[in-house]
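Spelled out, the chains give:
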Amino acid sequence: MALEEAARSCLLRFRRRLEEDIKPSYLMDHMVSDGGMTVDEEERIRTQPTRKDQAAALIELLLRKDNRAYISFYKALVQEAYDDLARLLQQDLPRISLEVHRSSSDSCTSYVQTVLSEGGVPQRPVVFVSRTELVNQIRDKLYRLQKDPGWVTVFGMAGSGKSVLAAESVRHHGLIEECFPGGIHWLSIGQLDKPDLLVKIQSLCFRLEQSLDSQALHRPPSSLDEAKERLRFLMLRRYPRSLLILDDIWDSTVLKVFDVHCRILLTTRNRSLTDCVSGTKCEVEVESGLDENKGLEVLALYTKMKPQSLPEEARSIVRECKGSPLVVSLIGALLKEKPNRWRYYLGQLQQKQFKRIRKSSSYDYDALDQAMSASIEVLPDEHRELYKDLTVLEKDVKIPAKVLSVLWDLEPEEVEDILEEFVNRSLLFVDSHNKPFLYYLHDLQLDFLVEQNRSQIEGLHTKMVYQYQQHYRDAPPTSGDEECLYWIRFLTYHMAKANLSQELYSLMFSLDWVSIKAQIMGPAPLINDYVEYGSILDKENSQVRSQFQEFLSLNGHQLEQRPFPDVVQLALSQPHNSEVYRQARLQAQDRASTRKLYFDLLNKSCEENLSRLVIHPHQGSIYSACFSHDGTKIASCGASKTLKVFKSTSGEKLTEIPAHDDEVLCCAFSPDDRLLATCSSDRKVKVWNAEQAMLLRVFEEEHEEQVNHCQFTNTTRRLLLATCSNDECTNVKLWNLNKPSSQNTMFGHFQPVNHCCFSPDDSYLSTSSNDGKVKLFQVSSANEWKTIDVRSMFAESDEEVLVKCSTWTADGKRIICAARNAVFVFDVETSDMLLEIKTSHLSMVQYCHACPTSNLLAIAFSNYTVELWDLEANKKKADCGGHLSWVQRVQFSPDGSELLSCSYDQTVRLWETKKVHTSSAICLKRDSDVLFNGEETTVSAADNCNRLQVRDGRTGSVLLQSEEKVSRIRCTCLCREPSAVVLGQEDGTVQVLEVPSGKLLASLLGHTKTVLHCQFSHNGQTLITSSEDTTIRVWRWQSGECKVLRGHKEQVRCFSLLSPDDSRLLSWSFDGTVKVWDTDSGEKLQDIEAHRGAILSCHVSPDGCLFTTTSADKTAKLWNCESWQCTRTLIGHQDCVRSCRFSWDSQRLATGDDNGEIRLWSVGDGSLLKICSRESKDGMDSLHGGWVTDLHFSPDNTLLVSTGGYIKWWNVEKGAALQTFYPTGSALKKIHVSSNFSTFVTIDNIGILYMLQRVK
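Residues numbered from 1 in each chain as written. Predicted model: local features only at pLDDT ≥ 70, side-chain atom pairs only at ≥ 80, totals over all residues. Heavy atoms only, no water.

This part covers the UniProt feature "repeat: WD" (unreviewed entry) in the protein. UniProt marks residues 657-698, 746-787, 880-921, 1004-1045, 1045-1087, 1088-1129 and 1130-1171 with the feature "repeat: WD" (unreviewed entry), using the numbering shown here. When the span residues 657-698 is considered, its composition is 0% helix and 57% strand, and the gap between its end C-alpha atoms is 15 Å. Helix makes up 0% of residues 1045-1087 and strand 47%, whereas the separation of the span's terminal C-alpha atoms amounts to 12 Å. (UniProt positions renumbered as here; feature names shortened; annotations may be inferred. Helix = DSSP H or I, 4+ residues; strand = E, 2+ residues; numbered from the N terminus.)

Tracing the backbone through its elements, the reader meets Asp 771 in the loop between strand 24 (764-769) and strand 25 (773-778). The buried charged residue Asp 771 lacks any salt bridge partner; its closest oppositely charged side chain belongs to Lys 773, at an N-O distance of 5.6 Å. Here the side chain of Asp 771 touches Lys 773 through a polar contact of 2.9 Å, landing on its backbone nitrogen. Leave out the neighbours within four places in its chain, and Asp 771 touches His 749, Phe 750, Gln 751, Arg 791 and Val 801. (Buried < 20%, exposed > 50% of the residue type's maximum accessible area, 1.4 Å probe, protein only. Lys, Arg positive; Asp, Glu negative; His and termini not counted. Salt bridge = Lys/Arg side-chain N within 4 Å of Asp/Glu carboxyl O. Polar contact = N/O pair within 3.5 Å; in protein donor to acceptor, adjacent residues only side chain to side chain. Contact = heavy atoms within 4.5 Å.)

Time to look at the sheet that holds strand 62 (residues 1190-1193). Taken together, the four strands give an open sheet; going across it, the order is 62-63-64-65, and neighbouring strands pair in antiparallel fashion. Each end of this open sheet is capped by a strand with a single partner; those strands are strand 62 and strand 65 (1216-1221). For this sheet, the mean inter-axis angle between neighbouring strands, taken without regard to orientation, is 20°. Sheet analysis places strand 64 (residues 1207-1211) next to strand 65, joined by five bridges and oriented antiparallel. Directly across from Ile 1207, in strand 65, lies its bridge partner Phe 1221. (Pairing = 2+ DSSP bridges. Axes fitted to C-alpha atoms, helices over the stretch in contact; angles between N-to-C directions.)

With that out of the way, let us pick up the packing of aromatic side chains. In this description, a pair of aromatic rings is defined by centroid distance and the angle of the planes. For the structure shown, the criterion picks out 26 aromatic pairs. Considering the side-chain rings of Phe 490 and Tyr 493, the 6.3 Å spacing of their centres and the 75° angle between planes classify their relative orientation as edge-to-face. Taken together, the residues span about one helical turn, with Phe 490 and Tyr 493 both in helix 26 (residues 482-497) at a distance of three residues. Classification of Phe 490 by relative accessible area gives buried; the value is 6%. Measuring from centroid to centroid gives 5.9 Å for Tyr 623 and Tyr 904, while their planes differ by 75°, and the two rings are edge-to-face. (Phe/Tyr/Trp six-rings, centres within 6.5 Å; stacked < 30°, edge-to-face > 60°.)

So, on to the sheet that holds strand 6 (residues 399-400). One open sheet accounts for three strands, arranged 6-8-7; its pairing is antiparallel. Of all the strands in the sheet, just strand 6 and strand 7 (429-431) have a single pairing partner and so form its edges. Bridge analysis of strand 6 against strand 8 (residues 438-440) gives two bridges, and the strand direction is antiparallel. Its bridge partner lying in strand 8, Pro 400 is registered against Leu 438.

This next bit is on the confidence of the model for the protein. Considering every residue of the protein, the mean pLDDT works out to 89; 95% of them sit at 70 or more. The element-level mean pLDDT for the protein is lowest in helix 8 (residues 98-102), coming to 34, with strand 62 highest at 98. Overall, residues 96-106 carries pLDDT values under 50, and its contacts beyond four positions in sequence, including any with other chains, amount to 11 contacts. Low pLDDT (under 50) marks residues 360-364, which in the prediction has 13 contacts with non-local residues, meaning those over four places away or in another chain. (pLDDT = per-residue confidence, 0-100.)

A few words on the nonpolar core. Soluble globular proteins tend to pack their nonpolar side chains together in the buried interior. One finds Leu 390, Trp 408 and Phe 422 to be the most contacted residues of the largest nonpolar core, which totals 118 residues. Sorting elements by how many residues they give to this core places helix 26 first, with nine residues. With residues up to four places along the chain from it excluded, the contact list for Trp 408 reads Leu 386, Asp 389, Leu 390, Val 415, Ile 418, Leu 419, Phe 422 and Lys 463. Within the second largest apolar cluster, 33 residues are counted, among which are Ile 22, Leu 27, Leu 85 and Ala 86. (Core = buried A, V, L, I, M, F, W, Y, C linked by side-chain atoms within 4.5 Å.)

Attention now goes to the pattern of salt bridges. In the structure shown here, the tally under the stated rule is 63 salt bridges. Put simply, Arg 343 and Glu 313 hold a salt bridge, and the shortest N to O gap is 3.0 Å. Of this pair, Arg 343 sits in helix 19 (residues 342-350) while Glu 313 sits in helix 17 (residues 312-320), and the two are 30 residues apart along the sequence. Overall, the relative accessible area of 62% leaves Arg 343 in the exposed class.

On to a negative patch on the surface, then. Residues Asp 275, Asp 409, Glu 411, Glu 413, Glu 414, Glu 416, Asp 417 and Glu 420 make up a contiguous surface patch of negative charge. Tracing the backbone shows Glu 420 in helix 23 (residues 412-424). For Glu 420, a relative accessible area of 46% corresponds to the partly exposed category. (Patch = residues over 30% accessible without salt bridge, like charges linked within 9 Å, V, L, I, M, F, W, Y side chains within 5 Å. Areas by Shrake-Rupley, 256 points an atom, 1.4 Å probe, with all protein chains shown as cover. Charge placed at Lys NZ, Arg CZ, Asp CG, Glu CD.)

This is how it looks when you write it as structure tokens:
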């Protein structure tokens, strides 16, 4: 639309005066923002040498432009207070008839534009994105002014877009027509003194009066009081249904001038300003930033690109400034002129170079630092100093008032009042959903404070630390409230920033601090501290730092348990030369003087742990875990139905997503780490935004059975997602994430497909199936390229061959497949088998993964181990032990330096590939015997090579090692005199060996099945054995004479000698019976039908009067040894009762069940005395980490020790746990206890021997 003639004539008529008075640079800022002129036009005018030349060029440009430009110029004059010049142009403002707007369906009609232009309301910026929700909130509040005057306050921090939102909210036909037919009048205020405020109001009054049809204008008001009265008259009498918009109000005294009983919309950074005025009040808070998509839209509009075409730096810019409209617009305007500077401006933003991010605009401040500074300068001096202290806060951290009460040494109530002032001035934000309230800074506010106070930062952090030390000089906070959490989390950060190295050393090299922080926050933040501040700590003592970090990394999964374990007890298992152990030993000795129980692990050399980090992310089996492509994060999923992402350095949780309705079977990062895919037994495939934990895509229609595996392509060049499932034939699919359905289905397998994997160059997809085959498909066409028949590698077997997975070598020339107990390496081109790695038939390969940077191959096994193999040398390079159940997945980090493994034992373990090695450690079997002889302890047990070993318990030195036996050794016992050891085997053979020579003293044949238990008589001349063959044999072992005790119908797992002269024997069996025998004659003296279910344990009271039996029928029974009658049936256990033990005074009985519960009974009347159990089940779904397998009382009957998943000591009187020892493994079978209750020996399920001694 061309410029109207009247407007053109007006410009020509007043051209000279305009050229004399105006400053074009200020006016052009407004016009560019309004869209009245382009940036290019602005730059051409700026090239003129003088101000007057620039003014002339501007007028010349306006004469060539349209009505919109004229109106924009007029509004710029009003906003820059050229009121006299604006009056000259106002008479000839282009007008549009009222009829035009009524035919328009758009809320922002021509009529609306005219009304707003006449009132000086800024037009939309050249680059504008809708914030509909906020605009609608403001309009909703404005509609409340339809009948009565009042105030609507739009408040928010600097640069949040308040003015644009206020202008946009009145750009609405219905709102103006129904509520404000008298017009909309905009007045920009800012920080003004009284004379300048008077000039502003004079201008407004003149504008209002000039619009009336009065012949004579009043003289301008000469004082603020007169101006207020003039404004009151105009707004009440002449413009009774109009809206006055006051933009950028700073001072409540300014508002009082406008308190004239009219309708006002104001924008401010201080939400409390309207407290000083009368009338109804509403408010709308403007959030500090645009969401990511809106921010990208702004940048796209400035640079004339599509949002999806923006470079990655665009997203980083929006995230870095938290979507601040001001910052995004400033950078967008800069990029419009310099489109190749994305990385540069991102760098400036990251380096907090706010002064360099400036661009002329309609905003009052042309750089971010000016806008921030203006907000702070209006604070009282003493509050400005307090606000400076907030420089020390971390980004995105919310802080309670009590922390600042410590920092400022003020009463909490006084601090809350100060913080309320900061919040009201939009200098601080409050999270009122928490009680107590939590306060936080916007990132830009914090960045500004850091930049402003850079030279004082160290001192500010020092103040924070010293104030903490003064306040908590007696003891650190342990309450667990928000204040406590802040100090525990950030004290180390403040010390490091304050350069208080000695204080940091003292804190972080303290076992007390480790215990407090781990209990309150968990182990991951602690580990993170040692990683983050390692360079500082290493200057003091790198070895000690390493010892503390290793202690936490390998015991982190224990420190996540509740109730919280005793850190001192955990630390007593550390090497004797460790500072962690030294502190623990001193504390244990000190506390032992108050009868606190601690136990030192004497034989530490027997335990070797090669893991770098152990994480316990889920309650339930873990099925999948994977590294991000930058190696900094790990994602895991499993039976808990959740997806978790955590730091690979410390295990600190970053994200947790309730991902599926059923078990999550696999997770995978996209090549740029922005996406995560999951698949599940619920038949769905989901794609998530990895950083925001937001669901982006769900594919739920095409897979009809559980989806076993998912994987992205290795590059983003053509991003695809592959999935495979248990479907009959449509079991392999490729997905383009931009499409709602699969891009391709790959046909060929007719049985479930367990795994799919892209070749390194993404040309091929390999699939592994239950049909015993691996197929290679061309990704581009989805056609089958070739089939590798893995089943043919097991031609001698009729069993089915399930191919678990496949993995490609880094060069893409070889593919490696796992099936049954073997791994095969094939040449991709020829399909020839190049290498076979076969393991024990007792263990199955669960998964394998080839290192992307070397010839290493990681193999996961069902026997709880991980092995590393060198494919070139065809040699095992390392054993990675420590898992307590099947290992489900292994994966190398992208650089090959680390390996992760995940397991049904609910842990993820990380290993450093250069530090792991083949283990020389010998694993012992749990069936063992121990002799205590003063300070000496002798242990006998079979090893993993099926050799019998007799060891010195303290030193671990081997006293005797038999040759490897053909038949598995199942039981053993030691004899003090003569010095001998017995072993019983699965083939029924019993052998007696001399200790320490190993000479075979006797080979006893007779049992036809596994020998389950063996025991010497007190004099060592008689050996008794029991077997799966249902018999018991009494041997005069030196002569070979044998009596066979027959009568049981099922296996006899154990027996007990009744009389001091060993002449009577009590045996029990899975057949539910107890039998009493005369060992001399072999006669059966008693045959008792004791239980309906299998008898699992039996014990004779020390006084010989009673014995007890426990059973799978969930009961325990007391029996009289004279009458052989049942005297009591003890009912209450909810699971199989597996163990029992009388106290030494025969007054109490302890029983333990498969649910981990221990009950203490009175022998006299059978009453239940106590239940020893934890409040809730642990991660192994038991009260004791497993079955309670063994129980022993102390000689004074005050203590009880029990074994299950771990060892626990109890106070008998209270039934309370006193101490817990966590072995590396679990599933302890029995514990051997010295007569003075000071030494305890056991072996866990991964073969580690533990010899514990009570600390005194």
